[in-house]
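# Fold and contact review
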Amino acid sequence: MPDWVTHIAVAWIICRLLSFKYDDFNAANTMLVITGALIPDFSKLILVFKFFGMDLSEYLSIIHIPTGSVIVAGMMSMLFPEKKKAFLFFGLGILTHYSLDIILEHVSGGIYLLFPFSWWQWQLEITNSSDYLITFLALCLAGLVYLIGREIDKNKSNSLIQ
């Protein structure tokens, strides 16, 4: 099940692997990608407002559609000095989110990936939301990438000392 833990782990794995080759994938930009991976689930704020008796589902559910997620990423990127770069990192996170969500078997029919151009709902039906195998695999892979990265960083620092 791609929950927040899975979305965070996959975004971190991708950034860590890319950081071996590209210096732009530092800790700060990795946090932008992780935040971007969580942007579509900002729509979960509906639950908080429902607790207080306000039904904002018509307004906040658009965030879990790629178009809405990109708009939110664009607004959030305006808070950064390098707006275009921040937007691209948020976008990479959003891409990882929908890449994980599309593999789910959705009871509601799928994700509106091409909205507003198409009302077609997309899903690959590889796993359902009660299966935590994806989360387990993502966490195991994150641990492996962490250990490999630690060794690579250690070798880099040893070569700089000599």
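Structure: see above.
An account of the accompanying structure is given in this report. Quick caveat, the model's predicted, so the values are computed rather than measured.

## A few points about the pattern of salt bridges
Under the definition given, this model contains five salt bridges. Measuring nitrogen to oxygen at the nearest pair gives 2.7 Å for the salt bridge that ties Asp153 to Arg16. Here Asp153 is found in helix 7 (residues 133-161), whereas its partner Arg16 is found in helix 1 (residues 4-19), with 137 residues between them in sequence. Classification of Asp153 by relative accessible area gives partly exposed; the value is 34%. The closest approach of N and O atoms between Lys85 and Glu82, which form a salt bridge, is 3.7 Å. Overall, Lys85 belongs to the partly exposed group, its relative accessible area being 28%. Shared partners join several salt bridges into a network, and the residues in it are Asp24, Glu82 and Lys85.

## A word on the packing of aromatic side chains
Under the counting rule described, the total for this entry stands at three aromatic pairs. Centre to centre, the rings of Phe25 and Phe89 are 5.3 Å apart; their planes meet at 90°, and the pair counts as edge-to-face. A residue pair is termed long-range when its members are at least 10 positions apart, and Phe25 in the loop between helix 1 and helix 2 (27-38) and Phe89 in helix 6 (residues 83-101) qualify at 64 residues.

## What about the packing of helix 1 against helix 6?
Two quantities define a packed helix pair, namely the angle between the axes and the distance from one axis to the other. Interaxial distance between helix 1 and helix 6 falls to 10 Å at its minimum, and their mutual angle equals 125°. When the axis of helix 1 is compared with that of helix 6, the two are oblique. Crossing hand, helix 1 versus helix 6: right-handed. On helix 6, the residues touching Thr6, His7, Val10, Ala11 and Ile14 of helix 1 are Leu92, Thr96, His97, Leu100 and Asp101. Grouping the constituent residues of the contact of helix 1 with helix 6 by class yields five nonpolar, four polar and one charged.

Criteria and cut-off values
- Residues numbered from 1 in each chain as written.
- Predicted model: local features only at pLDDT ≥ 70, side-chain atom pairs only at ≥ 80, totals over all residues.
- Heavy atoms only, no water.
- Salt bridge = Lys/Arg side-chain N within 4 Å of Asp/Glu carboxyl O.
- Helix = DSSP H or I, 4+ residues; strand = E, 2+ residues; numbered from the N terminus.
- Buried < 20%, exposed > 50% of the residue type's maximum accessible area, 1.4 Å probe, protein only.
- Phe/Tyr/Trp six-rings, centres within 6.5 Å; stacked < 30°, edge-to-face > 60°.
- Axes fitted to C-alpha atoms, helices over the stretch in contact; angles between N-to-C directions.
- Parallel < 35°, antiparallel > 145°, perpendicular 65-115°, else oblique.
- Left-handed = near helix turned anticlockwise from the far one by under 90°.
- Contact = heavy atoms within 4.5 Å.
- Nonpolar A, V, L, I, M, F, W, Y, C, P; charged D, E, K, R; others polar.

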